[in-house]
Amino acid sequence: MLQRTMTPLVETAGVKSVTLFENDGFVIYRSEDDPTNEDGQMPRWISALDISEKSNRLTFIMEHGTVILYRGDRLHLAVHCGPSTNLGEVRQTAERCHESLHNLA
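Owing to the predicted nature of the structure, the values given are computational and were not obtained by experimental measurement. (Residues numbered from 1 in each chain as written. Predicted model: local features only at pLDDT ≥ 70, side-chain atom pairs only at ≥ 80, totals over all residues. Heavy atoms only, no water.)

Focus on the overall build of the chain
So, step 1. Across its full length, the chain holds 3 helices and 5 strands.
So, step 2. The order of helices and strands in the chain, counted from the N terminus, is α-β-β-α-β-β-β-α.
So, step 3. Each principal axis of the C-alpha atoms in the chain carries an extent, and together these give about 30 × 30 × 25 Å.
So, step 4. Within the chain, residue pairs in contact and separated by at least 24 positions form 46% of the contacts whose partners lie at least 6 positions apart.
So, step 5. About 6,000 Å² of surface is accessible on the chain, with carbon and sulfur atoms providing 47% of the total.
So, step 6. Considering the chain, the positive charge centre built from 10 side chains and the negative charge centre built from 15 side chains are found 5 Å apart. (Helix = DSSP H or I, 4+ residues; strand = E, 2+ residues; numbered from the N terminus. Contact = heavy atoms within 4.5 Å. Areas by Shrake-Rupley, 256 points an atom, 1.4 Å probe, with all protein chains shown as cover. Lys, Arg positive; Asp, Glu negative; His and termini not counted. Charge placed at Lys NZ, Arg CZ, Asp CG, Glu CD.)

A word on the sheet that holds strand S3 (residues 57-62)
So, step 1. Read across the sheet, 5 strands follow the order S2-S1-S5-S4-S3 without closing on themselves; strand pairing throughout is antiparallel. Two strands close off the open sheet at either side, each with one partner strand: strand S2 (27-30) and S3. The sheet shows a mean angle of 15° between the axes of neighbouring strands, direction not considered.
So, step 2. The strands touched by helix H1 (residues 2-10) within the sheet are strand S1 (15-21), S2 and strand S5 (76-81), with S1 carrying the most contacts at an inclination of about 145°. (Pairing = 2+ DSSP bridges. Axes fitted to C-alpha atoms, helices over the stretch in contact; angles between N-to-C directions.)

Some points on the pairing of S1
So, step 1. Counting buried positions along S1 gives 6 out of 7 residues, so the element sits mostly inside the fold.
So, step 2. Summarising the sheet, S1 and S5 pair through 6 bridges and their orientation is antiparallel. Paired with serine 17 across the two strands is histidine 80, which belongs to S5.
So, step 3. Pairing of S1 with S2 involves 3 bridges; the strand directions are antiparallel. Residue threonine 19 lies in a different strand from S2, and its bridge partner there is arginine 30. (Buried < 20%, exposed > 50% of the residue type's maximum accessible area, 1.4 Å probe, protein only.)

Description of the environment of glutamate 32
So, step 1. With respect to the helices, strands and loops of the structure, glutamate 32 is situated in the loop between S2 and helix H2 (42-51).
So, step 2. Note on glutamate 32: relative accessible area 46%, which makes it partly exposed.
So, step 3. Setting aside chain neighbours within four positions, we find glutamate 32 in contact with Lys16 and Ser17.

Thoughts on helix H3 (residues 87-103)
So, step 1. Its 17 residues give H3 an end-to-end C-alpha distance of 24 Å, which sits within 8% of 24 Å, the value for a rise of 1.5 Å per residue.
So, step 2. Residues of H3 that are buried sit in contact with H1, S1, strand S4 (65-70) and S5.
So, step 3. Structurally, the start of H3 carries an N-cap: the backbone nitrogen of glycine 88 is 3.1 Å from a side-chain oxygen of asparagine 86. (Expected span 1.5 Å × (residues − 1). Polar contact = N/O pair within 3.5 Å; in protein donor to acceptor, adjacent residues only side chain to side chain.)

Here's the deal with the packing of aromatic side chains
So, step 1. Tallied over the entire structure, the rule returns 1 aromatic pair.
So, step 2. Relative to phenylalanine 60, the ring of tryptophan 45 has its centre 5.6 Å away and its plane inclined at 35°; by these criteria the two rings are tilted. Separated by 15 residues along the polypeptide, tryptophan 45 in helix H2 and phenylalanine 60 in strand S3 bring together distant segments of the chain.
So, step 3. Given a relative accessible area of 5%, tryptophan 45 falls into the buried group. (Phe/Tyr/Trp six-rings, centres within 6.5 Å; stacked < 30°, edge-to-face > 60°.)

Spatial relationships are all this shows, so hold off on functional conclusions.
Structure (structure tokens):
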């Protein structure tokens, strides 16, 4: 179910990996092995979301690409993109996937 919900995002050009994780950093789904979204990074992403309480989406421009974080009610989403990715397309697709995910159940 999770894989099917995240497929449009995973298949978006330039997306390196997609990770769904809980508030405590427990990874529920990971599309690819990617050091940017490995378990050791989850505390950093959780901290960033905690610090930015008013924002449901955070974007980090990094040396080897971009990481976009989405805050959810039950699950958070981390999307790692390559350096020349169309971030507008990724954001739109990620928002649709994240909304679909939270409308399940």
